[in-house]
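Geometric and topological summary
Here is what each chain is made of, one letter per residue.
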Amino acid sequence: DVKVTQSSRYLVKRTGEKVFLECVQDMDHENMFWYRQDPGLGLRLIYFSYDVKMKEKGDIPEGYSVSREKKERFSLILESASTNQTSMYLCASSAYIGSLSSYEQYFGPGTRLTVT
Amino acid sequence: QQQVKQSPQSLIVQKGGISIINCAYENTAFDYFPWYQQFPGKGPALLIAIRPDVSEKKEGRFTISFNKSAKQFSLHIMDSQPGDSATYFCAASMGSSNTGKLIFGQGTTLQVKP
């Protein structure tokens with residue numbers, strides 16, 4: 001079974017703090033993703049990475065950065081946390097599924113971040 | 001246009017009823033349409049997926065109907081059960097992509113009443 005783990009389930013931080021969210025996958029997947037989930041807005045892509053040290057901006061990268069120093073680990077960094085970054089953050093990795101002729105994404109359980 | 005529009009935002013169905021969630025897209029280059037299911041406290045997981053060369057795909061009580069000309073697809077849950085209560089996301093991607101990047105809809109929260 002593919003396993004994607006996230007370092008924290010719940011996190012409370014103060015405005016202006018630097019926040020690190022860690023994600024680890026154990027299936028040697030090339031591609032990894034960070035999303036934020038907000039009610040009524042669905043899953044919005046923040047950043048994704050298609051290889052070690054390679055990254056691309058998603059739809060809402062402002063206020064975030066990422067790091068991928070090792071294949072299995074993808075970190076999301078909030079440089080200076082703000083209250084509008086209070087959200088559920090989901091990490092995923094993807095693998096090609098031949099029977100689908102496409103990729104399946106495997107998600108971690110999420111980190112609920114509150115910025116006060 | 002990269003958006004996928006999903007409706008309704010929330011849905012309440014009686015046990016045994018049919019749940020229907022609809023999605024629409026604009027980009028005709030999309031060629032893979034999965035549905036993800038998310039239970040409270042969990043990340044989303046792939047439920048069922050379809051490619052545009054077929055108009056319908058059925059897996060157990062879950063069916064995707066696909067209308068290529070209308071650029072719409074929908075998820076039907078037959079004989080809905082309380083255990084189906086979850087948030088459902090439709091998504092789309094281009095098969096030519098080698099990253100597995102998905103465009104997700106806004107999500108539908110389904111509650112099945114006993």
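Everything that follows concerns the structure shown earlier in this document.
This section reports on the structure supplied with the text. (Residues numbered from 1 in each chain as written. Chains lettered and ligands numbered in written order. Predicted model: local features only at pLDDT ≥ 70, side-chain atom pairs only at ≥ 80, totals over all residues. Heavy atoms only, no water.)

Moving on to the overall build of chain B. Within chain B, the regular secondary structure consists of 0 helices and 11 strands. Secondary structure elements in chain B, listed N-terminal to C-terminal, are β-β-β-β-β-β-β-β-β-β-β. The C-alpha radius of gyration computed for chain B amounts to 14 Å, which stays within 12% of the reference 13 Å derived for 114 residues, consistent with globular compactness. Every one of the 114 residues in chain B was classed for burial, and the buried ones make up 45%. Long-range pairs, those at least 24 residues apart, make up 55% of the contacts in chain B with a sequence separation of at least 6. (Helix = DSSP H or I, 4+ residues; strand = E, 2+ residues; numbered from the N terminus. Rg over C-alpha atoms; globule rule 2.2 N^0.38 Å. Buried < 20%, exposed > 50% of the residue type's maximum accessible area, 1.4 Å probe, protein only. Contact = heavy atoms within 4.5 Å.)

Opposite the 24 residues of chain A that make contact, chain B presents 23 residues. Of the roughly 1,900 Å² buried between chain A and chain B on both sides combined, carbon and sulfur atoms contribute 56%. Of all residues in chain A, A:Leu43, A:Leu100 and A:Tyr103 bury the most surface against chain B, accounting for 27% of the area lost on that side. Joining chain A to chain B, the criterion identifies 0 salt bridges. Taken together, chain A and chain B are joined by 6 residue pairs in polar contact (both at pLDDT 80 or more). Among the secondary structure elements, those contributing two or more residues to the side of chain A that touches chain B are strand E4 (31–38), strand E5 (42–51), strand E9 (87–97) and strand E10 (102–107) of chain A. (Buried area = accessible area lost by both parts, 1.4 Å probe. Salt bridge = Lys/Arg side-chain N within 4 Å of Asp/Glu carboxyl O. Polar contact = N/O pair within 3.5 Å; in protein donor to acceptor, adjacent residues only side chain to side chain.)

Attention now moves to the environment of A:Lys13. Residues and elements named next belong to chain A. Relative to the helices and strands, Lys13 resides in strand E2 (residues 10–13). For the pair Lys13 and Leu100, spaced 87 residues apart in sequence, the C-alpha to C-alpha distance is 41 Å. In contact with Lys13, not counting residues within four places along its chain, are Val19, Leu113, Thr114, Val115 and Thr116.

A few words now on the nonpolar core. In a soluble, globular protein the nonpolar side chains are often hidden away together inside. Residues and elements named next belong to chain B. Counting residues in hydrophobic clusters, the biggest one holds 25 residues, and the most contacted among them are Val4, Phe33, Trp35, Phe73, Leu75 and Tyr88. Elements with a minimum of two residues in this core: strand E2 (10–14), strand E3 (19–25), strand E4 (33–38), strand E5 (45–50), strand E7 (62–67), strand E8 (72–77), strand E9 (86–92) and strand E11 (108–113). The element that contributes the greatest number of residues to this core is E9, accounting for 4 residues. (Core = buried A, V, L, I, M, F, W, Y, C linked by side-chain atoms within 4.5 Å.)

What follows deals with the sheet that holds strand E8 (residues 73–78) of chain A. Residue and element names in this part refer to chain A. Pairing within the open sheet is antiparallel, and its 4 strands lie in the order E1-E3-E8-E7. The open sheet has two edge strands, strand E1 (4–6) and strand E7 (64–70), and neither has a second partner. Averaged over all pairs of adjacent strands, the angle between their axes in this sheet comes to 20 degrees, without regard to strand direction. The sheet contact formed by E1 and strand E3 (residues 19–25) spans 3 bridges and is antiparallel. The partner of Val4 across the bridge, within E3, is Gln25. (Pairing = 2+ DSSP bridges. Axes fitted to C-alpha atoms, helices over the stretch in contact; angles between N-to-C directions.)

Let us look at the environment of A:Pro61. Residue and element names in this part refer to chain A. Mapped onto the fold, Pro61 is located in the loop between strand E6 (54–57) and E7. We classify Pro61 as buried; its relative accessible area is 11%. In sequence terms Pro61 and Lys71 are 10 residues apart; their C-alpha atoms lie 21 Å from each other. Contacts of Pro61, omitting those with residues within four sequence positions, involve Ile46 and Tyr47.

On their own, these measurements won't tell you what the molecule is for.
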